[in-house]
Amino acid sequence: MAQTTLATSSRNAVVEISTDGSTWTDISGYAQSVSPGDGTRLTGTAHTFDGNGPIIVAGKLDAQESTVAITYTEDTNGAYDRAKNAFDSANSTLYLRVAPNGSTSGNFRFTSTKGVVTQFPAFHELDASSGDVQMVEFTVQHGGWTKAAIP
Amino acid sequence: MLYIVLKPISPAEGPIIEPAVATADNPAPEPVLLDAAFFSGETDEERAANIQRLIEQGVIAPVDEAAPAAPVAPDVANPDPPAVPRRVAQPEPQE
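Residues numbered from 1 in each chain as written. Chains lettered and ligands numbered in written order. Predicted model: local features only at pLDDT ≥ 70, side-chain atom pairs only at ≥ 80, totals over all residues. Heavy atoms only, no water.

A.B. asks: Quick question: what am I supposed to make of the sheet that holds strand 1 (residues 2-5) of chain B here?
C.D. replies: Within a sheet, neighbouring strands are paired by backbone hydrogen bonds and run either parallel or antiparallel to one another. All names here are of chain B. Taken in spatial order, the three strands make up an open sheet running 2-1-3, and their pairing is antiparallel. The outermost strands of the open sheet, each flanked by one partner alone, are strand 2 (33-35) and strand 3 (60-63). Taken pair by pair, the neighbouring strands of this sheet meet at an average axis angle of 40°, ignoring direction. One ladder, built from three bridges, connects strand 1 with strand 2; its direction is antiparallel. Looking at the pairing, Leu 2 lines up with Asp 35 of strand 2. Strands in contact with helix 1 (residues 44-56) are strand 1 and strand 3; relative to strand 3, the strand with the most contacts, it is inclined by about 110°. (Pairing = 2+ DSSP bridges. Helix = DSSP H or I, 4+ residues; strand = E, 2+ residues; numbered from the N terminus. Axes fitted to C-alpha atoms, helices over the stretch in contact; angles between N-to-C directions. Contact = heavy atoms within 4.5 Å.)

A.B. asks: Sorry, what's going on with helix 1 of chain B here?
C.D. replies: Each α-helix turn comprises 3.6 residues. Residues three or four places apart therefore point the same way. Over its 13 residues, helix 1 of chain B extends 18 Å from the first C-alpha to the last, a length consistent with the 18 Å expected when each residue adds 1.5 Å. Buried residues belonging to helix 1 of chain B abut strand 11 (145-149) of chain A together with strand 1 and strand 3 of chain B. Note on helix 1 of chain B: the residue one or two positions beyond its end, B:Gly58, has a positive phi of about 80°. (Expected span 1.5 Å × (residues − 1).)

A.B. asks: Would you take a moment to explain the side chain of B:Thr23 for this structure?
C.D. replies: Along the polypeptide, B:Thr23 turns up in the loop between strand 1 and strand 2. Reaching out from B:Thr23, the side chain makes a polar contact with the backbone nitrogen of B:Asn26 at a distance of 3.0 Å. (Polar contact = N/O pair within 3.5 Å; in protein donor to acceptor, adjacent residues only side chain to side chain.)

A.B. asks: Looking at this structure, how should I read the interface of chain A and chain B?
C.D. replies: Where interface size is quoted, it is often the accessible area lost as the parts come together. Tallying the contact residues gives 23 residues for chain A and 22 residues for chain B. Summed over both sides, the interface between chain A and chain B buries roughly 1,700 Å², with carbon and sulfur atoms accounting for 46% of that surface. For the pair chain A and chain B, the number of links is zero salt bridges. In this assembly, chain A and chain B are joined by 11 residue pairs in polar contact (both at pLDDT 80 or more). Of all the elements in the fold, those that place two or more residues in the side of chain A that touches chain B are strand 7 (93-99), strand 8 (108-112) and strand 11 of chain A. (Buried area = accessible area lost by both parts, 1.4 Å probe. Salt bridge = Lys/Arg side-chain N within 4 Å of Asp/Glu carboxyl O.)

A.B. asks: Which parts of the structure should I look at to understand the pattern of salt bridges?
C.D. replies: Between side chains of opposite charge, pairing is possible as soon as their charged atoms come close. Residues and elements named next belong to chain A. According to the stated counting rule, one finds four salt bridges over all chains in the structure shown. Notably, a salt bridge pairs Asp 88 with Lys 84, separated by 3.0 Å at the nearest N-O pair. With a gap of four residues between them, Asp 88 and Lys 84 both fall in helix 1 (residues 79-88), about one helical turn apart. Overall, the relative accessible area of 48% leaves Asp 88 in the partly exposed class. (Buried < 20%, exposed > 50% of the residue type's maximum accessible area, 1.4 Å probe, protein only.)

A.B. asks: What is the right way to read unusual backbone geometry from this model?
C.D. replies: It is generally the case that most residues other than glycine have a negative phi and that most peptide bonds are trans. Residues and elements named next belong to chain A. Of note in the backbone geometry, Asn 77 takes a positive phi value of approximately 70° without being a glycine. Within the element layout of this structure, Asn 77 appears in the loop between strand 6 (64-71) and helix 1. Looking at Asn 77, the relative accessible area reads 47%, which means it is partly exposed. Positive phi values are uncommon outside glycine, yet Ser 92 reaches one of about 50°.

A.B. asks: Sorry, what's going on with helix 1 of chain A here?
C.D. replies: All names here are of chain A. Here helix 1 has its buried residues at Ala 79, Tyr 80, Ala 83 and Ala 86. Down the axis of helix 1, the buried side of the element spans an arc of 130°, and every buried residue falls inside it. Where helix 1 is buried, its residues touch strand 1 (14-18), strand 6, strand 7 and strand 10 (135-142). (Arc of directions from axis to C-beta.)

A.B. asks: It is not clear to me how the nonpolar core should be interpreted in this structure. Could you clarify?
C.D. replies: Nonpolar side chains in soluble globular proteins tend to end up buried together. Judged by nonpolar contacts, the single largest core of 18 residues is most densely connected at A:Ile27, A:Ile70, A:Leu94, A:Phe120 and A:Phe138. Elements that contribute at least two residues to this core include exactly strand 1, strand 6, helix 1, strand 7 and strand 10 of chain A. Element by element, the count of residues in this core is highest for helix 1 of chain A, at four residues. When neighbours within four sequence positions are excluded, A:Ile70 is seen to be in contact with A:Ile27, A:Tyr30, A:Ala31, A:Ala79, A:Tyr80, A:Gln134, A:Met135, A:Val136 and A:Phe138. Ranked by size, the runner-up nonpolar core spans 12 residues in total, among them B:Val5, B:Ala36, B:Leu54 and B:Ile60. (Core = buried A, V, L, I, M, F, W, Y, C linked by side-chain atoms within 4.5 Å.)

And the structure:
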């Protein structure tokens, strides 16, 4: 198979969050990185007296944890404000949506199932000797991603 | 012009639009149709190009509006459909 010419970097990615899975907020101007999670399937094994190797069966898809790193800012309705509000809500519900190559028609967009924000540090580790941008990384546990085309 | 949804589509707002999938309980579901105005494009030419790209990717297919819509064939790429029929996601109530 010839070397592909279609490979891309993640520089054009679009990252969005939603508290209802319907109305989305583009946080690409705040987000630095997204880790999708492992995406594993539960399995079970059993050895029997006959045969050498185990019997392996497939279970359900496992829950996965996605992490999103955003800049810490103090503007109302910025990414930090919205994600923190989601975390502070009674059920900490948050959906994630990512378009790795941007939101152009024909590209793919991955949407998480309904997730729960399981970790949200209130602020970045403060260090007077650092000149780094203050970043906050939060974690969303969800049931997986659905790949869909952008119309 | 209407287009039948063959693969999931992610609109800018709202839940993912899933194609109709035949199941044991519903072997001939109504196909999911979208109007041309649904697709993005600031001009008619741009919209037509985007629609054509999605047709080439197998995401949608044009429907002959003069003919009755054909029942959705079983998904040959996934002969073992999920036990629960897939539905278009519904928005969660605001908390």
